[in-house]
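Survey of secondary and tertiary structure
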Amino acid sequence: MLLKALRIGLGQLVVFADWISRPRKLKRSPEAQAEVERATANLALYQFHACPFCVKVRRTLHRLNLPVQLRDAKNDAEHRQALEQHGGRIKVPCLRIEENGQSTWLYESKAIIAYLDQRFAG
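The structure displayed is predicted, hence computed values, not measured ones. Numbers given for residues are sequential positions, taken from 1 along each chain in its written order. A pLDDT threshold of at least 70 governs which residues receive local features in this predicted model, and a stricter bar of 80 or more applies before side-chain atom pairs are shown or counted, although totals over entire chains, interfaces and linings include all residues. Excluded from the side-chain calculations are hydrogens and water; all other atoms, namely the structure's heavy atoms, are used.

Once that is clear, we can look at a nonpolar patch on the surface. Every patch collects residues that have over 30% relative accessible area and no salt bridge, joining them within 9 Å if they carry like charges and within 5 Å if they are nonpolar side chains (Val, Leu, Ile, Met, Phe, Trp, Tyr). All accessible areas in this document rest on Shrake-Rupley with a 1.4 Å probe, and a residue is counted as covered only by the protein chains that are shown. Only one rule defines a salt bridge in this text: a Lys or Arg side-chain nitrogen within 4 Å of an Asp or Glu carboxyl oxygen. A cluster of nonpolar side chains, namely L3, L6, L10, L13, F16, W19 and I20, defines an oily patch on the protein surface of about 820 Å² accessible area. Secondary structure follows DSSP: runs of H or I at least 4 residues long count as helices, runs of E at least 2 residues long count as strands, and numbering of each begins at the N terminus. Positionally, L10 belongs in helix α1 (residues 2-20).

By convention here, two paired aromatic rings are described through the distance between centres and the angle between planes. When two rings of Phe, Tyr or Trp (its six-membered ring) have centres within 6.5 Å they constitute a pair, described as stacked for plane angles under 30 degrees, edge-to-face for angles over 60, and tilted for the intermediate range. Going through the model one piece at a time under the given rule, you end up with two aromatic pairs. Between F16 and W19, the ring centres sit 6.1 Å apart and the planes meet at 35 degrees, which makes this aromatic pair tilted. Of the two residues, F16 and W19 are both situated in helix α1; the distance of three residues between them amounts to about one turn of the helix. Arranged with centres 5.2 Å apart and planes meeting at 45 degrees, the rings of Y46 and W105 form a pair that is tilted. Taken as a pair, Y46 in strand β1 (residues 43-47) and W105 in strand β4 (residues 102-107) lie far apart in primary sequence, 59 residues in all.

So, on to the sheet that holds β4. Whether two strands pair depends on DSSP finding at least two bridges between them. Pairing in this open sheet of four strands is mixed, and the strands run β2-β1-β3-β4 from one edge to the other. Strands at the two margins of the open sheet, each flanked by one partner only, are β2 (69-72) and β4. Between one strand and the next, the sheet's axes are offset by a mean angle of 25 degrees, whatever the strand orientation. As defined by bridge partners, β1 adjoins strand β3 (residues 94-99) across four bridges and the pair is classed as antiparallel. Residue L43 lies in a different strand from β3, and its bridge partner there is I97. Sitting on the sheet, helix α3 (residues 52-63) is in contact with β1 and β2, with an inclination near 150 degrees to β1. The strands touched by helix α5 (residues 109-120) are β1, β3 and β4; relative to β3, the strand with the most contacts, the crossing angle is about 40 degrees. Axis definition: a line fitted to C-alpha atoms, over the contacting stretch in the case of helices. Angles run 0 to 180 degrees between N-to-C directions. Two residues form a contact once any of their heavy atoms are found within 4.5 Å.

Take unusual backbone geometry next. Residue V92 is joined to P93 through a cis peptide bond whose omega torsion reads 0 degrees. Summarising the element assignment, P93 is placed in the loop between α4 (77-87) and β3. Located in the positive-phi region is N65, a residue other than glycine, with phi close to 60 degrees. Looking at the secondary structure, you find N65 in the loop between α3 and β2. At N100, a position not held by glycine, the phi torsion is positive, near 50 degrees. Considering the arrangement of structural elements, one finds N100 in the loop between β3 and β4.

Right under this line is the structure:
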């Protein structure tokens, strides 16, 4: 019980630290931002709210000004089941990428951040 309370408290501390130190959003022209919004319509991030690796990915989404769907795989049974059935395991963060009728499930925060930087930072 004590460990659970400690874990919850530390999770909330991580979320608060993220909130007060959030990076600035990337500025784009309205046309470029509209194109980014079309491209991110096929992305979804499966995550836990207080997971430090998920926070790291969400900071990148914020920095790059990417409106990606966030799916709570901890408290939403439907999203958790989709992650397990289609992604193969319950592990977060996981970015679901829909392209040409195919779904790719990208795990590991470093790989997700590298993908987002490569695709959207330029």
